[in-house]
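# Observations on the model geometry
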Amino acid sequence: MIDLLDIRYVRLGTRDLAAADRFAREVVGLERVREEAGALYYRSDDRDHTLVYFEGDPRDHTVGFELRDAGALDAAAGRLADAGLAVRAGSAEACEQRRVGGFVNFEDATGNRIDLVVRPQHSGRRYFPARDAGITGFSHVGLCSTDPARDEAFWTGVLGARVSDRIGAAALLRIDEVHHKVALFPTTRAGVQHVNHQVASIDDVMRAWYQLQRRGVRIVFGPGRHPTSGAVFLYFEGPDGMVFEYSTGVRTITPAQEASYRPRQFPRANESFCMWGSVPDIAEFKA
Ligand SMILES: [Fe+2]
C-alpha cells in the first residue's frame, strides 16, 4: 500500500498571474516566496511552498503528496503502473522547481493530477504573511470525482487513505490524524474543487468574513460549522472560480482511536455540510 505522509502543495494554472498574485497575498494572506519559470510560489507555514500559480490553463491543477523516501516512491510508481495508470517521473528541472528530491506524476481515473514527492524542502525562515489572516497552514483539498465509488476505492485501496465520513457519495478521506486531507465530490469535471488553509481560531474565521466582504470577495459558504469534521469554516471565491476555505478546529482521529473508528454516513443535505444553517453556493455542495 502506498503511504501518503501528508498533502504538500497545490499547483493551479491561471491566465492572469497578476490577479492571482493579488488574491494569494492580499486576500488569502499567503507569503510570496519566489517567481520562477512563469510561476509564483507561496507559503502558508514552515514548508518551502504550499501553493503555486503558474501561467497556463485554469483547469490545470496538480496536488502534491509526500512519501517517506526514494524506496517508497519507486514502490508507489510500480503499484500505480500495476493499477494500469501512466506514471511519469519528474525531470531534474521539474524537481528543482518543486524544491523536491524526486517525484512522479499520475492521474486518477477522474483525471485529477497527483504528484508524489520525496524530500520536499522546508524553510529555515518562519512564515511571514502579507496580511494577518491567522493562517497556520495549508491542510486539505476537495477533489472532483466523476465516479465517487470508483475513486474512493482507488484512494483507499491504492493510496492508503481512510474514510472518515461520507456526505451522500462524497468521501472525506484522512491520510494522517486529521479528519480529512482530501475529499472527493461528485461532479462532471476533473481538478481541485476547493483549497483549504487552517486558521488559528474562530476569531480568524469571523474576522475574515468581515474583511473579505469589505474587499468585495464573494463569500460562497459560511461562516458555519461542519458536523463531519467539527471545523468552523468560511468559503470564498478566488481567481478562475476556484473556491478557497479557511477553517479551524478540525477533528483528529488518533492512532489509539483508529481501530475502533467507524465512518459515519450523512445524507446529502444542507445540514450535513453546515450544522448552523448556512447554505452553500458551491455547485458540488448543493443538496
Ligand atoms: Fe474543506
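Below is a summary of the structure that appears in this document. What you see is a predicted model, and the numbers here were worked out from it, not measured in a lab.

Strand order in the open sheet made by the nine strands is β14-β15-β16-β13-β9-β12-β11-β10-β17, with mixed pairing throughout. Lying at the two open borders of the sheet, with one neighbouring strand each, are β14 (219-225) and β17 (264-266). This sheet shows a mean twist of 20° between the axes of neighbouring strands, independent of strand direction. The strands touched by helix α4 (residues 148-157) are β9 (135-145), β10 (162-167), β11 (170-174) and β12 (182-186); relative to β12, the strand with the most contacts, the crossing angle is about 160°. Sitting on the sheet, helix α5 (residues 202-214) touches β13 (192-199), β14, β15 (232-237) and β16 (243-248), and the angle it makes with β15 is about 25°.

The subject of this paragraph is the sheet that holds strand β6 (residues 88-89). One open sheet accounts for eight strands, arranged β2-β3-β4-β1-β5-β8-β7-β6; its pairing is mixed. Sheet topology places β2 (31-36) and β6 at the edges, where each strand pairs with a single neighbour. Strand direction decides the pairing type here: strand β1 (residues 6-14) and strand β4 (residues 51-55), joined by five bridges, are parallel. Bridging from a neighbouring strand, Arg11 pairs with Val52 of β4. Where helix α1 (residues 17-28) meets the sheet, its contacts fall on β1, β2, β3 (39-43) and β4, and the angle it forms with β4 comes to roughly 165°.

Moving on, we get to the environment of Arg34. Along the polypeptide, Arg34 turns up in strand β2. Classification of Arg34 by relative accessible area gives buried; the value is 15%. Along the sequence, Arg34 and His49 sit 15 residues apart, while their C-alpha atoms lie 9.3 Å from each other. Residues in contact with Arg34, not counting those within four places in the same chain, are Ala39, Leu40, Tyr41, Asp48, His49 and Arg99. Engagement of the side chain of Arg34 in a polar contact is seen with the side chain of Asp48, the distance being 2.8 Å.

In this section: the pattern of salt bridges. Tallied over the entire structure, the rule returns 27 salt bridges. Where Arg125 meets Glu31, a salt bridge forms, and the shortest distance between an N and an O atom there is 2.9 Å. Taken together, the residues span a long stretch of sequence, with Arg125 in the loop between β8 (113-118) and β9 and Glu31 in strand β2 at a distance of 94 residues. Notably, a salt bridge pairs Arg207 with Asp204, separated by 2.8 Å at the nearest N-O pair.

On to the coordination of the iron ion, then. At 2.0 to 2.2 Å from the iron ion lie its protein donor atoms, namely His140 (NE2), His194 (NE2) and Glu245 (OE). For His140, a relative accessible area of 4% puts it in the buried group. Taking relative accessible area as the criterion, Glu245 reaches 1% and is therefore assigned buried.

Turning next to the side chain of His194. Here His194 shows up in strand β13. His194 gets classed as buried once you look at its relative accessible area, which sits at 2%. Within polar-contact distance, the side chain of His194 engages the side chain of Gln193 at 2.6 Å. At 3.2 Å, the side chain of His194 and the side chain of Glu245 are in polar contact.

Cut-offs used in this document
Residues numbered from 1 in each chain as written. Predicted model: local features only at pLDDT ≥ 70, side-chain atom pairs only at ≥ 80, totals over all residues. Heavy atoms only, no water. Pairing = 2+ DSSP bridges. Helix = DSSP H or I, 4+ residues; strand = E, 2+ residues; numbered from the N terminus. Axes fitted to C-alpha atoms, helices over the stretch in contact; angles between N-to-C directions. Contact = heavy atoms within 4.5 Å. Buried < 20%, exposed > 50% of the residue type's maximum accessible area, 1.4 Å probe, protein only. Polar contact = N/O pair within 3.5 Å; in protein donor to acceptor, adjacent residues only side chain to side chain. Salt bridge = Lys/Arg side-chain N within 4 Å of Asp/Glu carboxyl O. Donors = N, O, S within 2.8 Å, 3.2 Å for Na, K, Ca; no water.

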